Structures are given as C-alpha cells and as structure tokens.
Amino acid sequence: MPVAFPWDEAMAIGFGVLRLSSRDFWRLTPRELAAVLGPRSPASAPSAGELAGLMRRFPDRRRGDRV
C-alpha cells in the first residue's frame, strides 16, 4: 500500500526551518523538495567504543601542540 507524502513535515521544514515564502515553497520541484527533506531515517550516534576509536584516529590536538 502506498505511503502518503509527508506534507506536514515538508511544510514545517520549508516554512519553519528554511523560512521559504509560500511562493518559493510551492515552486520547488519534487527533486528539490526531496533534497530539502533529506534522509528519512534518523541518524544514530556512534557507540562509546566507536567514539573512542574516532577520537584516537582523529585527535583534536597532538602531543606537544601548543594550546
């Protein structure tokens, strides 16, 4: 069964976040609107182990760096 288009979400992002005018919002192409909405699944935070690994690989400072 087809899923209804999330118009409430699209309008909330278009008007509330991007502050588009009604004219500009309704002139968006379907592809532009899809890009505005972005990925539909929420991003997950890295686990503690993944974060520790990233911090080791990409430290903010190196030993001996001046602050």
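Residues numbered from 1 in each chain as written. Predicted model: local features only at pLDDT ≥ 70, side-chain atom pairs only at ≥ 80, totals over all residues. Heavy atoms only, no water.

### Remarks on the overall build of the protein
Looking only at helices and strands, the protein features four helices and zero strands. Buried residues in the protein amount to 12% of all 67 residues. Accessible surface, the protein as shown: approximately 6,400 Å² in total, 57% of it carbon and sulfur. (Helix = DSSP H or I, 4+ residues; strand = E, 2+ residues; numbered from the N terminus. Buried < 20%, exposed > 50% of the residue type's maximum accessible area, 1.4 Å probe, protein only. Areas by Shrake-Rupley, 256 points an atom, 1.4 Å probe, with all protein chains shown as cover.)

### Details of the pattern of salt bridges
Considering all chains together, one arrives at one salt bridge under this definition. Taking the shortest distance from any N to any O, the salt bridge between Arg23 and Asp24 comes out at 3.5 Å. Take Arg23: its relative accessible area is 52%, and that puts it in the exposed class. (Salt bridge = Lys/Arg side-chain N within 4 Å of Asp/Glu carboxyl O.)

### Observations regarding the packing of aromatic side chains
Any pair of aromatic rings gets described here by the distance separating the centres and the angle formed by the planes. Summed over the entire model, instances satisfying the criterion amount to four aromatic pairs. With a centroid separation of 4.5 Å and 55 degrees between ring planes, the pair formed by Phe5 and Trp7 is classed as tilted. On the basis of relative accessible area, Trp7 is assigned to the partly exposed category, the value being 39%. Clustering of aromatic rings is evident, with ring pairs tying together Phe5, Trp7, Phe15, Phe25 and Trp26. (Phe/Tyr/Trp six-rings, centres within 6.5 Å; stacked < 30°, edge-to-face > 60°.)

### Quick word on unusual backbone geometry
Most peptide bonds take the trans configuration, and most residues that are not glycine carry a negative phi. With phi around 55 degrees, Arg19 is a residue other than glycine that occupies positive phi space. Position of Arg19 relative to the elements: it lies in the loop between α1 (7–17) and α2 (22–26).

### Considering α1
Ala10, Ile13 and Gly14 are the residues of α1 that are buried. The buried residues of α1 occupy one face: seen down the axis, they fall within an arc of 90 degrees. Elements that come into contact with the buried residues of α1 comprise α2 and α3 (30–37). Backbone geometry just after α1 places Arg19 at a positive phi near 55 degrees. (Arc of directions from axis to C-beta. Contact = heavy atoms within 4.5 Å.)

### A short note on a nonpolar patch on the surface
A contiguous nonpolar patch, built from Phe5, Trp7 and Trp26 and spanning about 350 Å² of accessible area, is present on the exposed surface. Looking at where Trp7 falls in the secondary structure, it is placed in helix α1. (Patch = residues over 30% accessible without salt bridge, like charges linked within 9 Å, V, L, I, M, F, W, Y side chains within 5 Å.)

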